[in-house]
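Geometric and topological summary
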Amino acid sequence: MTTTKTAATVRGVRSARDPNLLRLLVMLVFVFVLMTVLRPNQFATIASFNSMMRQFPEYGIMSIGISLAMITGGIDLGVVGTANLSAIVAAKFLIGTVPRGAPPAQVVPYLIIAVLLSLSVGLACGTIAGTLISRFNIPAILATLGTQQLFTGIAIGITNGRPQSGLPLLYSRIGNTEFFRFVPLSFMIFFIVAVSVGIMLSRTRFGTFMYMMGTNPRAARYAGLNNTSIILRTYMISGLLSSVAGLIMMARANSAKADYGAPYTLQCVLIAVLGGIDPNGGFGTIGGVTMAILILQFLSSGLNMFNNISNFYRDVIWGGVLILVLVFNKLLSWREERRAVRKSMN
Amino acid sequence: MKRRLLLVVAIVMIFALAVPLFAQSYNPLNFKSKKPMSQWKIALVPKDATNAWFVRMEVGVKQFAKDTGINAFQKGPPKTDAAMQAQVIEDLIAQGVDAICVVPVDPAALEPVLGLALSKGIVVIDHEGASQQNCLYDIEAFSNEGLGQTIMIELAKMMGEKGVYTTMVGNVTNASHNEWADAGVAYAKAHYPNMTLLAAEPRVEIMDNLDTAYERAKELFKKYPNLKGIFGTSSLSSPGVARAIEELGLKGKAFVTSVGLPNENKVYLKDGTLQSVLLWDPRDAGYAQLAMAVKILKGEKIENGCNLTAPGWTSMQFAPGSTKVLQGKGWITITKDNVDSFGF
């Protein structure tokens, strides 16, 4: 039962030391209020929330994947490549096997196989990255830069760089389902992923091991943890999540292509860092990452509502806000440290 | 997790039947706006917000807004990426714009989101996306045949309508380059009896490479001393061949023209190695897309000869066999006199 105790202790320490969540919440509310005040008829509307809920799940799920890798002290730059490769495999399978004009009932088994196929490709991609990092001791940033290149390369190779379109209609109809004409399926998937990963991190032994290893891999090894297996499993989960994101992108685009969403990689890393995941490992929560995703989506959709803000300033605003949040975070944590020091001196 | 996902998929199967189909056909006449013109909002979505080509397109968008007083603006993704372009369109739909003009990064990837726009009664106009299903119209600056003929007319003018010429394509597999060249050769045959196609090498390939264009041209002029003109297609042929003409001292004796970008050809146009290159101006394409959207919002019927009020876009013709794709004569001739006026 020692592990349970450790888990409890680690969790206790974590929540006590995580005012980051509160800050992010303040930031989130601030951006929300700002946009609502500036664009009252456009921002806080059902249509705009519906549209935002359709937009963020694909990169949100990839951000969670990257966050997991970062918690163990690594990084996974291969998420977009994995997503596209697994979507392309599923798309190729569907295009190649489903008879044209088949009735929906007949298409369903193909869809299930395609989904399973794509998830297995995701797992395989994660296994490759995880093996390179854990067994060959290649730094994660280099290993996954390599896998990103490799997966994208394979994807380009098997498609000649062309979009794979002509999927059975049923796929995108399912993929773009909206419950109560408001909540998109992709959002539901994101929700399930975020909650499951959140539970995994905070309530399971494996989650605790990830934090421990991320904090100090050597100490973790001396404490009897199997680092190799933890790393491998982390990247497998990240690969699996990437393939889920790939399936969502495939539904949204009604096609798959080797370079869809290429700029997402950097965006996902930024989200993870903004969400309070420590790039050095061992710290951060899915709650924080989710809030960071929402902040960025609010900003992005909000900025698109200002017709007069030239597209040139968009990156400036985007980057400016990111830096502000990071600095704001740092300042607050310094203040807290000082306060803690003062308290201990009294 | 896999099991949960499957469960979700299974549940969704039931809901799926309630979702409308994507590829529906819409009657453009049903998109007539009930709002007064002053409340219209029209967005143009380029492939990339900061690329020089689309910055030039925005000039046309702003011009249109100024000329008509309609709230028209350009909003694009920060990078040339199909997924990000779809997100911008999502946001525009949520804002309740009346029309979306789009230059698709990848038409296939935009089908669902444009289908959504159409289902909400938003006018969708494509540009350079002839394969797009979910749009009311796709407008193109030119037909391949028309552009090929125009390149030939320009070349014939330079050559004094006589002499030997050959054609140069970016790649022998490039469908549009070959169509331009075929149209040009056919036009020469019919109109310029004193011009002959170099029989030994009627179609030269430059592998989409500037240096290859230069080397191939040098080779050609040495091998065939009576070769007088090169009918170029790719925008790389004019500057490449011009360099060869200059180096071989053939200025005024050998000629080339092709599609070309102003800045790449500026030096040669000014020193007389090149007389003209052809281009379509993204400014006019932007202006024409908005004009098209306005026509639909006004409830006008689109027919052959419709006027999109931008230079070269004044008499649009349906592409053969299509009721969706319209082609203009939107090319412009760039000479030493106007090469500085484009900004790209």
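Residues numbered from 1 in each chain as written. Chains lettered and ligands numbered in written order. Predicted model: local features only at pLDDT ≥ 70, side-chain atom pairs only at ≥ 80, totals over all residues.

Turning our attention to the overall build of chain B. Along its length, chain B carries 10 helices and 14 strands. For chain B, the C-alpha atoms occupy an extent of roughly 75 × 50 × 35 Å along the three principal directions. The buried share of chain B, taken over its 344 residues, is 52%. (Helix = DSSP H or I, 4+ residues; strand = E, 2+ residues; numbered from the N terminus. Buried ≥ 20, exposed ≤ 12 C-beta atoms within 10 Å, placed from the backbone.)

On to the domain arrangement of chain B, then. All names here are of chain B. The domain architecture assigned to chain B consists of domain 1 (29-135 + 282-331) and domain 2 (144-280). Spacing between the C-alpha centres of domain 1 and domain 2 amounts to 33 Å. Each partner contributes to the interface: domain 1 provides 4 residues, whereas domain 2 provides 6 residues. (Domains from an automatic or database assignment. Contact = placed C-beta atoms within 7 Å.)

Attention now goes to the sheet that holds strand S12 (residues 317-318) of chain B. Residue and element names in this part refer to chain B. Spatial ordering of the open sheet is given by S2-S1-S3-S4-S5-S13-S12, a layout of 7 strands whose pairing is mixed. Edge positions in the sheet fall to strand S2 (71-74) and S12, since each has one partner strand and no second. Looking at chain direction, S12 and strand S13 (residues 325-327) are connected through 2 bridges and run antiparallel. Across the sheet, the residue bridging to Phe318 is Leu326, located in S13. (Pairing = 2+ DSSP bridges.)

So, about the interface of chain B and chain A. Taken together, the contact pairs 37 residues of chain B with 44 residues of chain A. Mapped onto the side of chain B that touches chain A, the elements with two or more residues apiece are helix H1 (2-16), helix H3 (82-95) and helix H4 (107-119) of chain B. The biggest single contributor to the side of chain B that touches chain A is H3(B), with 11 residues. Of the residues in the side of chain B that touches chain A, the class split is 23 nonpolar, 5 polar and 9 charged. (Nonpolar A, V, L, I, M, F, W, Y, C, P; charged D, E, K, R; others polar.)

All names here are of chain B. Most of strand S4 (residues 123-127) sits inside the fold, with 5 of its 5 residues counted as buried. Going residue by residue along S4, you find Val123, Ile125 and His127 tucked away on one face and Val124 and Asp126 tucked away on the opposite face as well. As a crossover connection, the stretch from strand S3 (residues 99-102) through H4 into S4 is right-handed. Here S4 pairs with strand S5 (residues 137-140) via 3 bridges, running parallel. Residue pairing for S5: Asp126 is matched across the bridge by Asp138. (Right-handed = clockwise from strand over helix to strand, strands pointing away.)

A word on H3(B). Residues and elements named next belong to chain B. Its 14 residues give H3 an end-to-end C-alpha distance of 20 Å, which sits within 8% of 20 Å, the value for a rise of 1.5 Å per residue. Burial analysis of H3 places 14 of its 14 residues in the buried class, which makes it a mostly covered element. Gly96 occupies a position one or two residues after H3 and carries a positive phi of about 75°. (Expected span 1.5 Å × (residues − 1).)

Here the focus is the pairing of strand S6 (residues 163-169) of chain B. All names here are of chain B. Extensive coverage of S6 is indicated by the burial of 6 of its 7 residues. Pairing of S6 with strand S7 (residues 195-197) involves 3 bridges; the strand directions are parallel. By the bridge assignment, Val164 is partnered in S7 with Thr196. Bridge count for S6 against strand S9 (residues 227-232) is 5 bridges, and the pairing is parallel. Directly across from Met168, in S9, lies its bridge partner Gly232. Here 3 bridges tie S6 to strand S8 (residues 203-205), and the two strands are oriented parallel to one another. Following the sheet pairing, Thr167 is matched in S8 by Arg203.

This brings us to the nonpolar core. Core analysis: the biggest nonpolar cluster contains 209 residues, and A:Met62, B:Ile89, B:Ile100, B:Ile125, B:Leu290 and B:Ala293 have the highest contact counts within it. Among the elements that make up this core, the one with the highest residue count is helix H11 (residues 227-253) of chain A (15 residues). Residues lining this core come from more than one domain, with at least three contributed by each of domain 1 (29-135 + 282-331) and domain 2 (144-280) of chain B. (Core = buried A, V, L, I, M, F, W, Y, C linked by C-beta atoms within 7 Å.)

As a further point, take the environment of B:Lys47. Residue and element names in this part refer to chain B. When you line up the elements, Lys47 lands in the loop between strand S1 (41-45) and helix H2 (52-68). Judged by local crowding, Lys47 falls into the buried class, with 21 C-beta atoms found within 10 Å. Between the C-alpha atom of Lys47 and that of Cys135, which follows or precedes it by 88 residues, the distance is 16 Å. With residues near it in sequence (within four places) discarded, Lys47 still touches Phe54, Gly76, Thr80, Gln85, Val103 and Val105.

All names here are of chain A. Note that Pro139 resides in the loop between helix H5 (104-134) and helix H6 (140-159). On the neighbour-count criterion, Pro139 (12 C-beta atoms within 10 Å) is exposed. Taking the C-alpha atoms as reference points, Pro139 and Ile75, separated by 64 residues in sequence, lie 9.1 Å from one another.

Moving on, we come to helix H3 (residues 46-71) of chain A. All names here are of chain A. For H3, spanning 26 residues, the distance from its first C-alpha to its last is 35 Å, which sits close to the expected 38 Å at 1.5 Å a residue. Of all the bends in H3, the greatest measures close to 40° and is centred on Pro57. A large share of H3 lies buried, amounting to 22 of its 26 residues. Looking at the residues trailing H3, positive phi occurs at Gly73, about 90°. (Bend = angle between axes of the 7 residues up to and from the residue.)

Glancing now at unusual backbone geometry. One non-glycine residue, B:Glu161, adopts positive backbone phi at about 60°. Mapped onto the elements of the fold, B:Glu161 is located in the loop between helix H5 (144-159) and S6.

With that out of the way, let us pick up the packing of H5(A) against H11(A). Angle between the axes and distance between the axes are the two parameters that describe a pair of packed helices. Residue and element names in this part refer to chain A. One way to put it is that H5 packs onto H11 with a least axis distance of 7 Å and a crossing angle of 145°. The handedness of the crossing between H5 and H11 is right-handed. When its residues are assigned to classes, the contact of H5 with H11 shows 14 nonpolar, 15 polar and no charged. (Axes fitted to C-alpha atoms, helices over the stretch in contact; angles between N-to-C directions. Left-handed = near helix turned anticlockwise from the far one by under 90°.)

Moving on, we come to the confidence of the model for chain A. Reading fine detail from the predicted coordinates is not recommended where pLDDT is low. Here chain A averages 88 in pLDDT, and 93% of its residues register 70 or above. Every residue in residues 1-16 of chain A is under pLDDT 50, and counting partners more than four places away or in other chains gives 7 contacts. (pLDDT = per-residue confidence, 0-100.)

In this section: the environment of B:Ala109. Residue placement: B:Ala109 occurs in helix H4. Here the alpha-carbon distance between B:Ala109 and B:Ala83, two residues 26 residues apart in the chain, equals 7.4 Å. If near-sequence neighbours (up to four positions away) are discounted, B:Ala109 is found in contact with A:Pro163, A:Ala253, A:Ser255, A:Lys257, A:Tyr260, B:Ala82 and B:Ala86.

Attention now moves to the packing of helix H4 (residues 79-97) of chain A against H11(A). Residues and elements named next belong to chain A. Closest axis-to-axis distance for the H4/H11 pair is 7 Å, and the angle between their directions is 60°. Looking at the two axes, H4 sits oblique to H11. Here the hand of the crossing between H4 and H11 comes out right-handed. Residues Val79, Thr82, Ala83, Asn84, Ser86, Ala87, Ala90 and Ala91 of H4 touch H11, and the partners they reach there are Ser238, Gly239, Ser242, Ser243, Ala245, Gly246, Leu247, Met249 and Met250. The class makeup of the residues in the contact of H4 with H11 is 9 nonpolar, 8 polar and no charged. (Parallel < 35°, antiparallel > 145°, perpendicular 65-115°, else oblique.)

Before going further, it helps to spend a moment on the confidence of the model for chain B. For chain B, per-residue confidence averages 89 on the pLDDT scale, and residues scoring 70 or more make up 93% of the total. On the interface metric, ipTM, the complex scores 0.75, and its pTM is 0.77.

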